[in-house]
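Chain by chain, the residues run as shown.
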Amino acid sequence: MSSINRDDEKDSLLHKTAAYRKDNVHRGYGARHTFTILSFIGYFNLYTLRFNLSVAIVTMANHTDIKTDQNKTDSDVCPGPSTNSTKTTNSQAVEFDWDESTQGIILSSFFYGYVATQILGGYLATKFGGKRIFGYGVLVTAVLSLVTPVVARVGTWALITVRIIEGLAEGLTFPAISTMQGKWTPKMERTTLPIIASSGATFGSVVVLSVTGYLCDSDFLGGWPSVFYIFGGAAVVWFVFWQFLVFETPSDHTRISAAERLYIESTASVKKAKNYPTPWKAILSSSAMWAIILTNLLQGWGNYITYTTLPTYMNKIQKFDIKQDGLLMSLPTLMTLLTSVIGSHFADFLRSRRYLSTTVVRKMFSTLGLVAASLCLPFISLAGCEHVYVVALIVIGNGMLGFLQVGLTVNLFDIGYNYSGILMGLANFSSNIPGVIAPYFVGLMTNNNETMDRWQTIFYVSMGAYIAATIIFLLFAKGEEEPWNKPPEDTSETNITIKQSSVTGNASHKIQYADTFGF
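Small disclaimer: the values here were computed from a predicted structure and weren't measured. (Residues numbered from 1 in each chain as written. Predicted model: local features only at pLDDT ≥ 70, side-chain atom pairs only at ≥ 80, totals over all residues. Heavy atoms only, no water.)

Trainee: Is there a simple way to explain the environment of Leu 423 in this structure?
Mentor: Residue placement: Leu 423 occurs in helix H20 (residues 420–446). The sequence separation of Leu 423 and Ile 119 amounts to 304 residues, and the corresponding C-alpha distance is 8.2 Å. (Helix = DSSP H or I, 4+ residues; strand = E, 2+ residues; numbered from the N terminus.)

Trainee: How should I be thinking about unusual backbone geometry in this particular structure?
Mentor: The phi angle of most residues is negative, glycine excepted, and most peptide bonds adopt the trans form. Phi angles above zero are rare outside glycine, and Arg 354 is one such case at about 60 degrees. As for its position among the elements, Arg 354 is in the loop between helix H15 (322–352) and helix H16 (358–382).

Trainee: Just to check I follow, could you spell out the side chain of Gln 405 for this structure?
Mentor: Relative to the helices and strands, Gln 405 is located in helix H18 (residues 402–409). The class of Gln 405 is buried, set by a relative accessible area of 14%. (Buried < 20%, exposed > 50% of the residue type's maximum accessible area, 1.4 Å probe, protein only.)

Trainee: Hey, could you run me through the packing of aromatic side chains in this one?
Mentor: Remark: the centre distance and the inter-plane angle together describe each pair of aromatic rings, the angle taken between the planes. Per the stated rule, a full pass over the model turns up 23 aromatic pairs. Summarising the aromatic geometry, the rings of Tyr 114 and Phe 174 are spaced 6.5 Å apart at their centres and angled 85 degrees between planes, so their arrangement reads as edge-to-face. Of this pair, Tyr 114 sits in helix H4 (residues 100–116) while Phe 174 is found in helix H9 (residues 173–184), placing the two residues 60 residues apart along the sequence. Phe 174 shares its class with Tyr 114; the two are buried. Site record: aromatic cluster; members linked through ring pairs are Phe 35, Tyr 43, Tyr 47, Phe 51, Phe 110, Phe 111, Tyr 114, Phe 134, Phe 174, Trp 184, Trp 238 and Trp 242. Residue placement shows Arg 50 over the ring face of Tyr 114; its charged tip is 4.4 Å from the ring centre. Taking NZ or CZ as reference, Lys 127 lies 5.9 Å from the ring centre of Phe 128, over its face. (Phe/Tyr/Trp six-rings, centres within 6.5 Å; stacked < 30°, edge-to-face > 60°. Lys NZ or Arg CZ within 6 Å of the ring centre and 35° of its normal.)

Trainee: Looking at this model, I keep getting lost on the pattern of salt bridges. Mind explaining?
Mentor: Two side chains that carry opposite charge are able to pair once their charged atoms sit near each other. Going through the model one piece at a time under the given rule, you end up with seven salt bridges. Between Glu 248 and Lys 183 there is a salt bridge, with its nearest N and O atoms 3.4 Å apart. Separated by 65 residues along the polypeptide, Glu 248 in the loop between helix H11 (225–245) and helix H12 (258–265) and Lys 183 in helix H9 bring together distant segments of the chain. Exposure remark for Glu 248: the relative accessible area of 15% places this residue in the buried category. For Lys 183, a relative accessible area of 12% gives the class buried. Across the pair Glu 482 and Lys 478 runs a salt bridge, and its minimum N-O distance is 4.0 Å. (Salt bridge = Lys/Arg side-chain N within 4 Å of Asp/Glu carboxyl O.)

Trainee: For this particular structure, what's the right way to read the side chain of Arg 163?
Mentor: Inspection of the secondary structure puts Arg 163 in helix H8 (residues 156–171). Residue class for Arg 163 comes out buried when judged on its relative accessible area of 3%. A polar contact is formed between the side chain of Arg 163 and the backbone oxygen of Arg 50, at a distance of 2.9 Å. Arg 163 has contacts with Leu 49, Arg 50, Asn 52, Leu 53, Ser 109 and Phe 110, leaving out every residue within four places of it along the chain. (Polar contact = N/O pair within 3.5 Å; in protein donor to acceptor, adjacent residues only side chain to side chain. Contact = heavy atoms within 4.5 Å.)

Trainee: I would appreciate a short explanation of helix H10 (residues 192–216) in the present structure.
Mentor: Residues spaced three or four apart along an α-helix point in a common direction, a consequence of the helix completing one turn every 3.6 residues. Look at H10: 36 Å from first C-alpha to last across 25 residues, which is about the 36 Å you get at 1.5 Å a residue. Across the 25 residues that make up H10, a large majority, 21, are buried. (Expected span 1.5 Å × (residues − 1).)

Trainee: Help me understand the nonpolar core in this model?
Mentor: One finds Met 60, Trp 98, Phe 134, Trp 242, Met 289, Ile 380 and Leu 423 to be the most contacted residues of the largest nonpolar core, which totals 107 residues. It is helix H2 (residues 31–60) that contributes the most residues to this core, 15 residues altogether. Residues within four places of Leu 423 in sequence aside, it is in contact with Ile 283, Met 289, Leu 412, Ile 415, Gly 416 and Trp 484. In this structure, Ala 347, Leu 350, Val 361 and Ala 372 belong to the second largest nonpolar core, which totals eight residues. (Core = buried A, V, L, I, M, F, W, Y, C linked by side-chain atoms within 4.5 Å.)

Trainee: Even after reading the chapter, I still don't get the packing of H10 against H11, so can you show me in this structure?
Mentor: Axis angle and axis distance: for two packed helices, these are the angle between their axes and the distance between the axes, and together they describe the pair. In contact at an axis separation of 8 Å, H10 and H11 are set at 135 degrees when each is read in the N-to-C sense. For the element pair H10 / H11, the angle class is oblique. Crossing geometry of H10 relative to H11 is assigned as right-handed. Facing H10, whose interface residues are Val 207, Val 208, Thr 212, Leu 215 and Cys 216, H11 presents Ser 226, Val 227, Ile 230 and Phe 231. (Axes fitted to C-alpha atoms, helices over the stretch in contact; angles between N-to-C directions. Parallel < 35°, antiparallel > 145°, perpendicular 65-115°, else oblique. Left-handed = near helix turned anticlockwise from the far one by under 90°.)

Trainee: Can you help me understand a nonpolar patch on the surface in this one?
Mentor: A surface patch of nonpolar side chains, amounting to about 490 Å² of accessible area, comprises Ile 119, Trp 280, Leu 284, Trp 290, Leu 294 and Phe 429. Elements represented by at least two residues in the nonpolar patch include exactly helix H13 (280–284) and helix H14 (287–316). For Trp 290, a relative accessible area of 39% translates into the label partly exposed. (Patch = residues over 30% accessible without salt bridge, like charges linked within 9 Å, V, L, I, M, F, W, Y side chains within 5 Å. Areas by Shrake-Rupley, 256 points an atom, 1.4 Å probe, with all protein chains shown as cover.)

Trainee: Just checking my understanding: could you explain the confidence of the model for the protein for this structure?
Mentor: A low pLDDT score tells you not to read the predicted coordinates there in detail. For the protein, the average pLDDT comes to 77, and 77% of its residues sit at 70 or higher. Counting interchain partners and residues more than four positions distant, the pLDDT-below-50 stretch residues 490–519 has 56 contacts. (pLDDT = per-residue confidence, 0-100.)

And the structure:
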């Protein structure tokens, strides 16, 4: 019986090895691309549902400008139509008496829940499947978005409670999708496919920041409430497609070709029937993992300053109206989308051609993104009211962060793809802690004192965070698989001698392999 099993093992090995050879790489459209496209749309929904309030709140509580403008000098703000006490914004949309501190609490409330379920999301995805956790996480957030206008009118604490629950639901999603990507992504597509999928988040930011302003300024579905109805409804529709077209693993897919399945499984995370315990001690003592955790924490600060509070800066200080504000904020995120997609292809090109090691590629792109962002930040306030320079600095600085995704974001797949859900939970937990603190910090700094000097301090703090992140990643990041990533029986390599027949005769080939085939 053992002899039969040994022969089956040899045949399976030959089959998988042959499928991964360059002349047998699966080309053309496949099931992994359908998964990537629907993941892209899923990411898109997550970010539209997360950041729709960041722009809408400017209209929802815009009448606070009238109170605070009276205390400002000409040097505190820029001239513009918003400096007049008479507002042109739809008066029906202006109905909440929230000062800057309250707005900061509302914007940060989402992240109270979001950071709480990051690690839990990785565990649940491993236990119940990433497809279910990701899909239902988006659905719950979408339904709560649909009821947000009603809840906001009930009271401030009702809105904060709903936003916390939305955060709890979304917190499960990123670790869940990472668990699936570990199973669906071949090694040499490990930058390109996840980056294309995650760029849906950036595209979602582009759309929500550019469209929300126009919706808030219109009478469509009541103005600002339309933002929550439209993006919530779109996510519900996506959920239906996700349920019927996406499968947990390539082996579960009913329509995938045998060639594509073997191509994926030859280097992706192929789980066996036996569930191995997560090597927590090894993961938490890994310097490579701590490089990812700390870099995520520090870059997250600047990221959330951008997405949750910069719309307020552009409206209150630069005096852009709500439509200009949203369109402006979409420009850097659009550049982020372009740099991440272009950078991912270039990174995999450098790796596949062996021009640079994976470690060098990850550090190079991360440094490029972080340094560019840090250098641009302090000049935003120093540019004063020169709108062209301000916009250019925001677009270049934040847009270059797309390269950070090519370096930092996918690095967890390099070091531990078998535990990608758990690693994403840890990384995303750290990167979203600033989501709780940053909006509240900005609210305290600017409460009844919305001036350029206060914002300059905010930008300098973010600059320091980016520089510290760069140093940590350069010193401690790695690009190769960590020993703890291999399940117990794969820690030692096995030599199998296989006799293979050919037209020229028989030849003996010794194949040295691990579960990942070492490619």
